[in-house]
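# Descriptive analysis of the structure
As a plain string of letters, each chain reads:
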Amino acid sequence: MAEFTGRDLHLVKKALAIAVLAIERQPGPFQSASDQSDMKTLLDDTIENDTELAFYTRVARIAVIGEPD
């Protein structure tokens, strides 16, 4: 598996957070629960603490919904 550091790692975390939220918002048959679960696991493995998780959750909400909260 590739190892990411610095800005690349930031972009991977951001992309995963956005993807998880986007999948969560998809209706019924278009929602891929297995992809979402795997992405959440990858994100959890890269996030260091609750503060960082809150940051990427907020970033994802802004990107997908257009609002921070």
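Here is a short report on the structure shown in this document. Note that the coordinates shown come from a computational prediction; the quantities given were computed from them, not determined experimentally.

## Re the nonpolar core
Ranked by size, the top nonpolar core spans seven residues in total: Leu-16, Ala-17, Leu-21, Leu-43, Ile-47, Tyr-56 and Ala-60. Elements with a minimum of two residues in this core: helix H1 (6-24) and helix H3 (50-64). Ignoring sequence-local partners within four residues, the contact set of Ile-47 consists of Lys-13, Glu-52, Leu-53 and Tyr-56.

## Overview of H3
The terminal C-alpha atoms of H3 lie 21 Å apart, and with 15 residues this matches the ideal 21 Å at 1.5 Å per residue to within 8%. Among the residues of H3, those classed as buried are Glu-52, Tyr-56, Val-59 and Ala-60. Take H3 and look down its axis: the buried residues cluster within an arc of 100°, on one side only. With respect to the buried face of H3, the exposed residues turned more than 90 degrees away are Asp-50 and Thr-51. Where H3 begins, one side-chain oxygen reaches toward the backbone nitrogen of Thr-51, 3.1 Å away; that side chain belongs to Asn-49. Following H3 by one or two positions, Gly-66 adopts a phi angle in the positive range, close to 90°.

Rules used in this analysis
Residues numbered from 1 in each chain as written. Predicted model: local features only at pLDDT ≥ 70, side-chain atom pairs only at ≥ 80, totals over all residues. Heavy atoms only, no water. Core = buried A, V, L, I, M, F, W, Y, C linked by side-chain atoms within 4.5 Å. Buried < 20%, exposed > 50% of the residue type's maximum accessible area, 1.4 Å probe, protein only. Helix = DSSP H or I, 4+ residues; strand = E, 2+ residues; numbered from the N terminus. Contact = heavy atoms within 4.5 Å. Expected span 1.5 Å × (residues − 1). Arc of directions from axis to C-beta. Polar contact = N/O pair within 3.5 Å; in protein donor to acceptor, adjacent residues only side chain to side chain.

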